[in-house]
Amino acid sequence: MSKQNVTVIGLGRMGAALAAAFLDAGHPTTVFNRTPDKAEPLVARGARPAATVAEAVAASELVVVCVLDYAAVRSLLAPVADTLRGRVLVNLTSGSPEQARAEAEWAAGHGIGYLDGGIMTTPPGIGDSANMILYAGGAGLLDTHRPALAVLGDPVDLGADAGLASLYDAGLLGLMWSVFGGWLHATALTEADGVPARDFTAIAVRSLRTMGWFMTTYAEQIDAGEYPGDDATLDVHVASIAHLLHAGEARGVDGRLPELHLALMREAVAAGHGGDSYARMIEAFRK
Ligand code: NAP
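Residues numbered from 1 in each chain as written. Predicted model: local features only at pLDDT ≥ 70, side-chain atom pairs only at ≥ 80, totals over all residues. Heavy atoms only, no water.

Caption draft 1: The arrangement of the sheet that holds strand 8 (residues 154-157) in detail. Spatial ordering of the open sheet is given by 3-2-1-4-5-6-7-8, a layout of 8 strands whose pairing is mixed. One side of each edge strand has no neighbouring strand; the edge strands of this open sheet are strand 3 (48-49) and strand 8. Inspection of the sheet shows strand 5 (residues 88-91) paired to strand 6 (residues 113-119) by 4 bridges, in the parallel sense. Bridge pairing links Val90 to Leu115 in strand 6. Strands in contact with helix 4 (residues 70-77) are strand 1 (6-9), strand 2 (29-32), strand 4 (62-65), strand 5 and strand 6; relative to strand 5, the strand with the most contacts, it is inclined by about 155 degrees. (Pairing = 2+ DSSP bridges. Helix = DSSP H or I, 4+ residues; strand = E, 2+ residues; numbered from the N terminus. Contact = heavy atoms within 4.5 Å. Axes fitted to C-alpha atoms, helices over the stretch in contact; angles between N-to-C directions.)

Below, the structure written as structure tokens:
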């Protein structure tokens, strides 16, 4: 079966990985980059170089763009809007939900199919179906182009609102930094007693699976607006975090991260919610 033609615009670290994955999967791949030299390794692997953005867009029904930011996307694509008409633009550039919605509106105004994507890995992870690529917008477009897009990573459909891939992406970055912060704090703590980071991390990664289970349970409580403390109460969490702070102080480990959690939990307890589950802490983040 012949593979769909694809175009990749933007051949930085991520764009080059995307183009390489299409080539590896046998898709005829046209590439364009502002600085043309970056196309050379891909051309050596069989990509077709386009001399202009217009030529790149005209080569394929499916056009993937991955550049620094949305301003760069618009500056590249606005002059070729007529050529894009009737094609599908997949924007894998990172940005805000508001920018994604504006881009979807711009595309709709020019008769361009639009999917906004969020890449949940770094370039070496492209082409591995264990990694997700989140897509939003363009009703039905992901289903039509799933066979081609699946070569980049597991395509996850977030629905018709084009802003959602960027919104999830932003939220998941926050989750990543919180997890990394907690893990590094704990690693500093255990390392002080001679535990190699490797040994502690093996246990930490297992515990993340258990936390995923808690999160799934708490998500139901958040959606229901009820936080029954039938597994562990905020009062218990406040007592537990004191052990962490104490262990950190005894080892000269910076305590600012757990102190922030303690401060937020104390506010909830002071408001009379000490008997509730940790899911009650959602209120600390709602304004
Ligand atoms: P990068 O290696 O710095 O490449 C940036 C790309 O954007 C290059 O192709 C560059 O072209 C192009 N570009 C920048 N400004 C431009 C402009 N004004 N006009 C035309 N082209 C312009 O960055 P990257 O790591 O590939 O990241 C690209 C996008 O993927 C970003 O939105 C990033 O947030 C997202 N992303 C990256 C990762 C990652 O791990 N790297 C993960 C998820 C998402 P030149 O070569 O001509 O400079």
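After that view, the rundown keeps rolling.
Caption draft 2: Structural view of the domain arrangement of the chain. Per the domain assignment, the segments making up the chain are domain 1 (6-160) and domain 2 (192-286). Relative placement of domain 1 and domain 2: their C-alpha centres are 40 Å apart. (Domains from an automatic or database assignment.)

Caption draft 3: Spatial organisation of the packing of helix 8 (residues 164-191) against helix 9 (residues 197-224). Two elements in contact, helix 8 and helix 9, have axes whose closest approach is 10 Å; the angle formed by their N-to-C orientations is 140 degrees. Regarding the angle of helix 8 to helix 9, the classification is oblique. For the crossing formed where helix 8 meets helix 9, the hand is right-handed. Contacts between helix 8 and helix 9 involve Val179, Trp183, Ala186, Thr187 and Thr190 from the first element and Ala197, Phe200, Thr201, Ala204 and Leu208 from the second. Looking at the contact of helix 8 with helix 9 residue by residue, the classes come out as 7 nonpolar, 3 polar and no charged. (Parallel < 35°, antiparallel > 145°, perpendicular 65-115°, else oblique. Left-handed = near helix turned anticlockwise from the far one by under 90°. Nonpolar A, V, L, I, M, F, W, Y, C, P; charged D, E, K, R; others polar.)

Caption draft 4: Summary view of helix 6 (residues 97-109). If you check helix 6, its first and last C-alpha atoms are 18 Å apart, about what 13 residues at 1.5 Å a residue would give, namely 18 Å. Taken residue by residue, helix 6 has Pro97, Ala100, Glu103, Ala104, Trp106 and Ala107 as its buried positions. For helix 6, the elements touching its buried residues are helix 4, helix 5 (81-84), strand 5, strand 6 and helix 8. One or two steps after helix 6, the chain reaches Gly111, where phi turns positive at roughly 70 degrees. (Expected span 1.5 Å × (residues − 1). Buried < 20%, exposed > 50% of the residue type's maximum accessible area, 1.4 Å probe, protein only.)

Caption draft 5: Fine view of the pattern of salt bridges. Inspection of the entire model under this criterion finds 10 salt bridges. Linking Asp24 and Arg45 is a salt bridge whose minimum nitrogen-to-oxygen distance equals 2.8 Å. Placement of the pair is Asp24 in helix 1 (residues 13-24) and Arg45 in the loop between helix 2 (40-44) and strand 3, with a sequence separation of 21 residues. Judged by its relative accessible area of 60%, Asp24 falls in the exposed class. Ionic pairing is found between Glu283 and Arg286, a salt bridge with its closest N-O pair at 3.5 Å. Because the salt bridges share partners, they merge into one network encompassing Asp276, Arg280, Glu283 and Arg286. (Salt bridge = Lys/Arg side-chain N within 4 Å of Asp/Glu carboxyl O.)

Caption draft 6: Region of interest: the nonpolar core. Ranked by size, the top nonpolar core spans 32 residues in total, and within it Leu92 and Leu152 carry the most contacts. Elements represented by at least two residues in this core include exactly strand 1, helix 1, strand 4, strand 5, strand 6, strand 7 (132-136) and helix 7 (141-149). At 8 residues, helix 1 tops the list of elements feeding residues into this core. Ranked by size, the runner-up nonpolar core spans 24 residues in total, among them Val67, Val73, Ile112 and Tyr114. (Core = buried A, V, L, I, M, F, W, Y, C linked by side-chain atoms within 4.5 Å.)

Caption draft 7: Spatial organisation of the environment of Asn33. Locating Asn33 in the fold gives a position in the loop between strand 2 and helix 2. Note on Asn33: relative accessible area 12%, which makes it buried. With 90 residues separating them along the chain, Asn33 and Pro123 place their C-alpha atoms 17 Å apart. Apart from the residues lying within four places of it in its own chain, the contact partners of Asn33 are Gly10, Leu11, Gly12 and Lys38. From its side chain, Asn33 meets the backbone oxygen of Thr35 in a polar contact 2.9 Å long. (Polar contact = N/O pair within 3.5 Å; in protein donor to acceptor, adjacent residues only side chain to side chain.)

Caption draft 8: Quick peek at helix 9. Relative to the 40 Å expected for 28 residues at 1.5 Å per residue, helix 9 spans 39 Å between its end C-alpha atoms, a close match to the ideal helical length. Here helix 9 has its buried residues at Ala204, Tyr218 and Gln221. On its buried face, helix 9 sits against helix 8. Just downstream of helix 9, Gly225 is the residue with a positive phi angle, here 70 degrees.

Caption draft 9: Just the site of the ligand, in detail. The environment of the ligand is made up of 20 residues, and the closest members are Arg13, Met14, Asn33, Thr35 and Lys38. A distance of 3.3 Å separates an oxygen atom of the ligand from a polar backbone atom of Leu11. With respect to the ligand, the side chain of Asn33 contributes an N or O atom lying 2.7 Å from an oxygen atom. Contact with the protein chains removes 76% of the 900 Å² of surface that the ligand exposes when unbound. Elements represented by at least two residues in the shell around the ligand include exactly helix 1 and helix 4. A breakdown of the residues in the shell around the ligand according to their chemical character gives 9 nonpolar, 8 polar and 3 charged. (Near = heavy atom within 4 Å. Areas by Shrake-Rupley, 256 points an atom, 1.4 Å probe, with all protein chains shown as cover.)

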